[in-house]
Amino acid sequence: MSLDVSPKLLAEAEHGDIREADFVDTVRTSLPYAYNLIAGLATELGDTTRDFTDNQTPPPSEQERGQLLRALASDAIRGSLERHFGVALAFQNCHRVAAFRPGALAGETYARFTSVRAQVLNQSPEFRDC
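Bear in mind that the values here come from a model prediction, so they are computed numbers and not experimental data. (Residues numbered from 1 in each chain as written. Predicted model: local features only at pLDDT ≥ 70, side-chain atom pairs only at ≥ 80, totals over all residues. Heavy atoms only, no water.)

> Which parts of the structure should I look at to understand the environment of Arg-96?
Tracing the chain through its elements places Arg-96 in the loop between strand 2 (88–91) and strand 3 (97–100). Taking the C-alpha atoms as reference, Arg-96 lies 9.7 Å from Leu-68; in sequence the two are 28 residues apart. Side chain to side chain, Arg-96 and Asp-54 meet in a polar contact 2.7 Å long. (Helix = DSSP H or I, 4+ residues; strand = E, 2+ residues; numbered from the N terminus. Polar contact = N/O pair within 3.5 Å; in protein donor to acceptor, adjacent residues only side chain to side chain.)

> What is the right way to read the pairing of strand 3 from this model?
Put simply, side chains in a regular strand alternate between the two faces of the sheet. Burial along strand 3 is two-sided: the face carrying Val-97 and Ala-99 and the face carrying Ala-98 and Phe-100 are both buried. Examined bridge by bridge, strand 1 (residues 52–54) and strand 3 share three bridges and lie antiparallel to one another. Each bridged residue has a counterpart across the sheet, and for Asp-54 the counterpart in strand 3 is Ala-98. Judged from the four bridges that link them, strand 2 and strand 3 form a sheet pairing that is antiparallel. Among the inter-strand pairings, Ala-90 is bridged to a residue of strand 3, identified as Ala-98. (Buried < 20%, exposed > 50% of the residue type's maximum accessible area, 1.4 Å probe, protein only. Pairing = 2+ DSSP bridges.)

> Got a minute to help me understand the side chain of Thr-26 in this structure?
Relative to the helices and strands, Thr-26 is located in helix 2 (residues 20–30). Exposure remark for Thr-26: the relative accessible area of 8% places this residue in the buried category. With sequence-adjacent residues up to four places away left out, Thr-26 is seen in contact with Leu-3, Asp-4, Val-5 and Leu-9. (Contact = heavy atoms within 4.5 Å.)

> Is there a simple way to think about the sheet that holds strand 3 in this case?
Each strand in a sheet pairs with another by means of backbone hydrogen bonds, the pair being arranged parallel or else antiparallel. Taken together, three strands build an open sheet; the order of strands is 1-3-2 and the sheet is antiparallel. Whereas interior strands pair on both sides, the edge strands pair on one side only; in this sheet they are strand 1 and strand 2. Ignoring strand direction, the axes of neighbouring strands in this sheet form an average angle of 25 degrees. The strands touched by helix 4 (residues 62–73) are strand 2 and strand 3; relative to strand 2, the strand with the most contacts, the crossing angle is about 120 degrees. (Axes fitted to C-alpha atoms, helices over the stretch in contact; angles between N-to-C directions.)

> Got a minute to help me understand the packing of aromatic side chains in this structure?
Applying the stated criterion across every chain, the model contains three aromatic pairs. Here the aromatic rings of Phe-100 and Tyr-110 are separated by 5.0 Å at their centres, their planes lie at 85 degrees, and the arrangement is edge-to-face. Remark: Tyr-110 occurs in helix 6 (residues 108–113) and Phe-100 occurs in strand 3; sequence separation between them is 10 residues. Classification of Phe-100 as buried rests on a relative accessible area of 0%. Clustering of aromatic rings is evident, with ring pairs tying together Phe-52, Phe-100 and Tyr-110. In this arrangement the basic side chain of Arg-50 is found over the ring face of Phe-52, its NZ or CZ atom lying 5.6 Å from the centre. (Phe/Tyr/Trp six-rings, centres within 6.5 Å; stacked < 30°, edge-to-face > 60°. Lys NZ or Arg CZ within 6 Å of the ring centre and 35° of its normal.)

This is how it looks when you write it as structure tokens:
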């Protein structure tokens, strides 16, 4: 799964830095499932007082799962999405992504969500090949 980078953006990158907004737009159009999922989590987080919101619904297909894995496995993509939406992302398995308030990263809820115990408890046989 690769990003669909426009010739204009590629040329800009070859000559120096690019605007992060242009990169995020490339992510939005290249990885729409991942982008929209994270956008939805960020919106939901903004509508609540909770420390985080998360997705526990598997993607509808392997293509969408690939988009999510690509977005979260890349430091540049993940970091850009976090800055764009004003959240911190955490990821447990092939689809459980959470959006945290940046101020919650030092708290117990984030530590619990990202703990090795939570990782083990969030496993099941159907996730072995994802």
